[in-house]
Amino acid sequence: MTGTETDRGRFAVLVLVGVTIALLLVGTVVGAILPGAAIGAATEDNTSHADPDGVQSERDLSATERRMAEQLAERARSGSLNISREQASQARESLNGSEYEALLDRYADVAEETGQTEKAMAFRAVKSDQAALAAAIERYWTTYDWYRALADGTTTRQQRIRMVRRSDGLPMTELATARILEREWQRVDRRHEAVVDSNQQLANVTSQNATELGSINQSVREVNTTQQTVRDEQFTPTRLSVSTTDSEASFTEPLRVNGTVSLDTGEPIANQQLRFGVGNQTLNTTTDPNGRFNLTYRPTTIPANTTTVSVRYLPSNESVYLGSAVQVDVDIQPVQPLVFVDAQPQRRAYNETVNISGRVGEQAGAANVSYLVLVDGQPTVRNETDGRGRYHESITVPASVPDGERTVRVLVPFEDQALLSANGSAPLTVTETRTALSSSATHVSDRTIRVGGTLTTEDGDPVPAQQVSIRVNETTLGTASTGRNGGFEQTFTLPAEVGTGGPFESLVGLTITVEYSGTTTNLRGATTTDSVTIPTTPVGLWAAGGFGVLLLLGLGVVVGRRLLERRRSAVSDGQSGRETPSFGTEPDPTVQSTTLLETARDRLAADAPEAAAGLAYLALRRQFAQRVGHDTSATPWEFYSRCQDLAGMDETDIALLRRVTELYEQVQFASTSQREATEAVRELIESVEQAGDATGSSPAGD
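Residues numbered from 1 in each chain as written. Predicted model: local features only at pLDDT ≥ 70, side-chain atom pairs only at ≥ 80, totals over all residues. Heavy atoms only, no water.

A few words now on the overall build of the protein. For the protein, the helix and strand inventory stands at 14 helices and 24 strands. For the protein, the residues scored as buried account for 38% of the 702 residues in total. Pairs at least 24 apart in sequence give 63% of the contacts found in the protein among residues at least 6 apart. Approximately 38,300 Å² of the protein is accessible, and the part contributed by carbon and sulfur atoms is 48%. (Helix = DSSP H or I, 4+ residues; strand = E, 2+ residues; numbered from the N terminus. Buried < 20%, exposed > 50% of the residue type's maximum accessible area, 1.4 Å probe, protein only. Contact = heavy atoms within 4.5 Å. Areas by Shrake-Rupley, 256 points an atom, 1.4 Å probe, with all protein chains shown as cover.)

Our next topic: the pairing of strand β15 (residues 390–396). Only one face of β15 is covered, namely the face carrying Tyr 391, Glu 393 and Ile 395; the face carrying Arg 390, His 392, Ser 394 and Thr 396 is uncovered. Here strand β12 (residues 353–360) pairs with β15 via 7 bridges, running antiparallel. Looking at the pairing, Gly 358 lines up with Tyr 391 of β15. (Pairing = 2+ DSSP bridges.)

What follows deals with unusual backbone geometry. Between Gln 344 and the following residue, Pro 345, the backbone shows a cis peptide bond with an omega angle of -10 degrees. Looking at the secondary structure, you find Pro 345 in the loop between β10 (339–344) and β11 (347–349). With a phi angle near 55 degrees, Ala 465 is a residue other than glycine that sits in the positive phi range. The residue Ala 465 is located in the loop between β19 (448–457) and β20 (467–472) in this model. Classification of Ala 465 by relative accessible area gives exposed; the value is 61%.

Before going further, it helps to spend a moment on the packing of helix α12 (residues 636–645) against helix α13 (residues 651–669). Where α12 contacts α13, the two axes come as close as 10 Å, and the packing angle between them is 175 degrees. By the angle between their axes, α12 is roughly antiparallel relative to α13. Across the interface between the two elements, Pro 636, Trp 637, Phe 639, Tyr 640, Cys 643 and Gln 644 from α12 touch Ile 654, Leu 657, Arg 658, Thr 661, Glu 662, Tyr 664 and Glu 665 from α13. (Axes fitted to C-alpha atoms, helices over the stretch in contact; angles between N-to-C directions. Parallel < 35°, antiparallel > 145°, perpendicular 65-115°, else oblique.)

Across the sheet, which stays open at both edges, the 4 strands sit in the order β21-β20-β23-β24 with antiparallel pairing between neighbours. The open sheet has two edge strands with one neighbour each: β21 (475–481) and β24 (526–535). Adjacent strand axes in the sheet meet at a mean angle of 25 degrees when their direction is disregarded. Two strands pair when backbone bridges link them, and strand β23 (residues 507–516) and β24 are joined in this way by 10 bridges, in the antiparallel orientation. Bridged to Glu 515 within β24 is Thr 527.

Let us look at α12. Those residues of α12 that fall on the buried side of the exposure criterion are Pro 636, Phe 639, Tyr 640 and Cys 643. Summarising the axial view, the buried residues of α12 lie within an arc of 100 degrees, below the 170-degree limit, and thus occupy one face. (Arc of directions from axis to C-beta.)

Right, let's talk about the packing of aromatic side chains for a bit. Throughout the structure, instances matching the rule amount to 9 aromatic pairs. Considering the side-chain rings of Phe 276 and Phe 293, the 4.3 Å spacing of their centres and the 25 degrees angle between planes classify their relative orientation as stacked. Residue Phe 276 is found in strand β4 (residues 273–278), and its partner Phe 293 is found in strand β6 (residues 292–297); the two are separated by 17 residues along the sequence. The pair Phe 276 / Phe 293 is uniform in exposure class, with both members buried. Between the aromatic rings of Trp 637 and Tyr 640, the centroid separation amounts to 5.5 Å while the plane-to-plane angle is 85 degrees, which identifies the pairing as edge-to-face. Of this pair, Trp 637 and Tyr 640 both sit in helix α12, 3 residues apart, which is roughly one turn of that helix. Through a chain of ring-to-ring contacts, the aromatic side chains of Tyr 140, Trp 141, Tyr 144 and Tyr 147 assemble into a single cluster. If you follow Arg 231 out to its NZ or CZ, it ends over the ring of Trp 185, 4.2 Å from the centre. Positioned above the aromatic ring of Phe 251, the side-chain terminus of Arg 298 is 5.9 Å from the ring centre. (Phe/Tyr/Trp six-rings, centres within 6.5 Å; stacked < 30°, edge-to-face > 60°. Lys NZ or Arg CZ within 6 Å of the ring centre and 35° of its normal.)

Looking now at helix α5 (residues 117–152). For α5, which comprises 36 residues, the first-to-last C-alpha distance of 53 Å matches the rise-based estimate of 52 Å (1.5 Å per residue) to within 8%. The first or second residue beyond α5 is Gly 153, which carries a positive phi of 70 degrees. (Expected span 1.5 Å × (residues − 1).)

Before going further, it helps to examine the environment of Ala 304. Its location among the elements puts Ala 304 in the loop between β6 and β7 (308–313). Discounting chain neighbours no more than four positions away, the residues touching Ala 304 are Ile 332, Pro 334, Asp 416, Gln 417 and Ala 418.

This paragraph deals with the nonpolar core. Within the largest apolar cluster, 32 residues are counted, with the highest numbers of intra-cluster contacts made by Phe 639 and Leu 684. Put simply, the parts of the chain that give this core at least two residues each are α10 (593–605), α11 (609–628), α12, α13 and α14 (674–695). Take this core: its biggest share by element is 10 residues, from α11. In this structure, Tyr 371, Val 381, Tyr 391 and Phe 414 belong to the second largest nonpolar core, which totals 27 residues. (Core = buried A, V, L, I, M, F, W, Y, C linked by side-chain atoms within 4.5 Å.)

This brings us to the side chain of Arg 231. Within the secondary structure layout, Arg 231 lies in helix α8 (residues 213–234). A polar side-chain atom of Arg 231 sits 3.1 Å from a polar atom in the side chain of Glu 182. Leave out the neighbours within four places in its chain, and Arg 231 touches Glu 182, Trp 185 and Leu 322. (Polar contact = N/O pair within 3.5 Å; in protein donor to acceptor, adjacent residues only side chain to side chain.)

As a further point, take the sheet that holds strand β18 (residues 435–445). Sheet strands pair via backbone hydrogen bonds, and the direction of the pair is either parallel or antiparallel. Across the sheet, 3 strands lie side by side as β18-β19-β22; this open sheet has antiparallel pairing. This sheet does not close on itself; its edge strands, each paired only once, are β18 and β22 (487–493). Neighbour-to-neighbour, the strand axes of this sheet turn through a mean angle of 20 degrees, independent of strand direction. Pairing of β19 with β22, which is carried by 7 bridges, proceeds in the antiparallel orientation. Bridge pairing in β22 places Ile 449 opposite Phe 492.

In this section: the environment of Thr 661. Along the chain, the position of Thr 661 falls in helix α13. Separated by 47 residues in the primary sequence, Thr 661 and Gly 614 have C-alpha atoms spaced 10.0 Å apart. Apart from residues no more than four positions distant in its own chain, Thr 661 is found in contact with Tyr 617, Pro 636 and Trp 637. There is a polar contact of 2.7 Å between the side chain of Thr 661 and the backbone oxygen of Leu 657.

What follows covers the packing of helix α7 (residues 174–205) against α8. At a closest axis distance of 10 Å, the pairing of α7 and α8 adopts a crossing angle of 155 degrees. Of the possible angle classes, the one that applies to α7 and α8 is roughly antiparallel. Where α7 crosses over α8, the two elements pack in a sense that is left-handed. Residue-level contacts link Glu 174, Leu 175, Ala 178, Leu 181, Glu 182, Trp 185, Val 188, His 192, Val 195 and Asn 199 of α7 to Leu 213, Ile 216, Asn 217, Val 220, Val 223, Asn 224, Gln 227, Val 230, Arg 231 and Gln 234 of α8. Looking at the contact of α7 with α8, its residues break down into 11 nonpolar, 6 polar and 3 charged. (Left-handed = near helix turned anticlockwise from the far one by under 90°. Nonpolar A, V, L, I, M, F, W, Y, C, P; charged D, E, K, R; others polar.)

Checked against the element boundaries, Thr 521 lands in the loop between β23 and β24. Among the polar contacts made by the side chain of Thr 521, one reaches the main-chain amide nitrogen of Leu 523 at a distance of 3.1 Å.

This paragraph deals with the pattern of salt bridges. Throughout the structure, instances matching the rule amount to 15 salt bridges. A salt bridge links Asp 386 to Arg 390; the nearest nitrogen and oxygen atoms lie 3.3 Å apart. Of the residues examined, Arg 390 reaches a relative accessible area of 39% and is grouped as partly exposed. For Arg 471, the salt bridge identified is with Glu 474, shortest N-O distance 3.9 Å. Judged by relative accessible area, which is 19%, Arg 471 ranks as buried. Each member of the salt-bridge network shares a partner with another, and the members are Arg 658, Arg 659, Glu 662 and Glu 683. (Salt bridge = Lys/Arg side-chain N within 4 Å of Asp/Glu carboxyl O.)

Function cannot be inferred from these measures alone, as they are strictly geometric.
Printed below as a string of structure tokens:
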């Protein structure tokens, strides 16, 4: 390819690249201005999956909300239609499906934009309650299958294992399974009430009816009918009657409940320890010979606006009696209980144990109520009181509690309940603890270092979750956090202003300071130092080295110029002076060509290829000079040209002379290695010898 063709090719490539860049820029601008014109953009708006941020008007957004509400209601109805014995599992899976959840999430986004968040919450409540009811119905029928298998004597080993797990290890008899079924029926009843309530709430805030209650009611009636059959087969019905002297009830002025429990036949359940449920509490009592009993109900966590409570007879799992219940009127009077707190020992240090005990309620303890233990305002333990309102906790003093006079507080967090929020406190003295800090610093690479160490108490106990600061030569690098065993490790890249040495230094030492301040803790601060060496750039050495290199380069240029001038002078003087006879004088005619070749071999053996090349070339030139005439002033290539122009010269001889001339100049003037020069001379000598053999005479033609 010519130079012009190369230029044209380069120009074509540049034009193609320019056009491509222009198209990309135009496409980017058009895509930014007209998103719909982008490749692969949607051509149809699917409003049922609309992004509320992309809807332009409130009118469109409201329409989207209505369509999505209809979809949600349809999806909920499709799940509720199949909450039957055979389809309960599929209904539960459908209601809990990821597609339903995704639709709910999208609707919640749209409802938030339109200010209808209450609707989204109502739809989510319906979905949650329906799924819970489906799970309860499925669980009931699974237990019923076990019950029937026990009655028929057809249980499998796998069924028996699962039944034991469900019954908390009770013997798996028909009676025990029937008792489990009773609890499952109660669960179904509660879930059914929740579905009815949430669906009513949805109807109140929307025009949608998300649940087909007729289908659900039918499924629940089937459970009720089946459970009544189980009761008839396994249990004896009971009758409960109760009365109260006063409907007002508070924790300090409890509700007195008098009652009688008997069989349907009127026979009392006499002289037995029985268990009753009142509100959300469980109370134990013993009946007299006539089946009469007395209960004292102290309301605690029941809502303050409660107007009735349920009194329930709760038979034991082994009992053949069926439970019964009645409702009584109450008028809850909220009161604030006393909270008693004791902390021992009263003087403690970091990680030492403090025993905190007490009671909620001054006359009778408030059973099973939640409490929170705080040390200097920091939460440490959350738990519930026992059946007598007592509590006991053992806590360790955390590092985050400052030393000094502190307070242990026990909080009972109530809100709108029979008991009001209350708290009690006890003093605690926290003493300071000495700490020990160790560290080590290592160079990682370039300007990166790693700093590690441990933080412990003076006695060697690890101190976790504390911050230590790392400095290098008074420049702060950052912080590190101690782990569970008190250890820490962090890698840092040194800033530019750190770690610069003198102009002739290749290494620089750094002082690493690790400090734990102990501020806002009960731990005393500590500091430790370490050193690390990092490489640095010796600017002075680099400058000196650069100056030396420049000096050497200058000397090299001077010497090179002088050598080049000498070489040019040698070439201009006839390209001689290398132990070969000069072309400026005619060689001695008594010197035979064979003698010249023998001398050339000797010079080659003596590692003088340049001299050997001159002798071999001269041997052939003497032979051809007899035809051309002796002209000692002609250069090798001038001599070749004259031979080429001479009539009668054989083409083979001309080619031989050209090859010998090329080899001669290659050795004399080209920058070749010793090995290459030697090989060229060997070829030159062999060529001259072959010329002599071809003519049947010596190369000189003697």
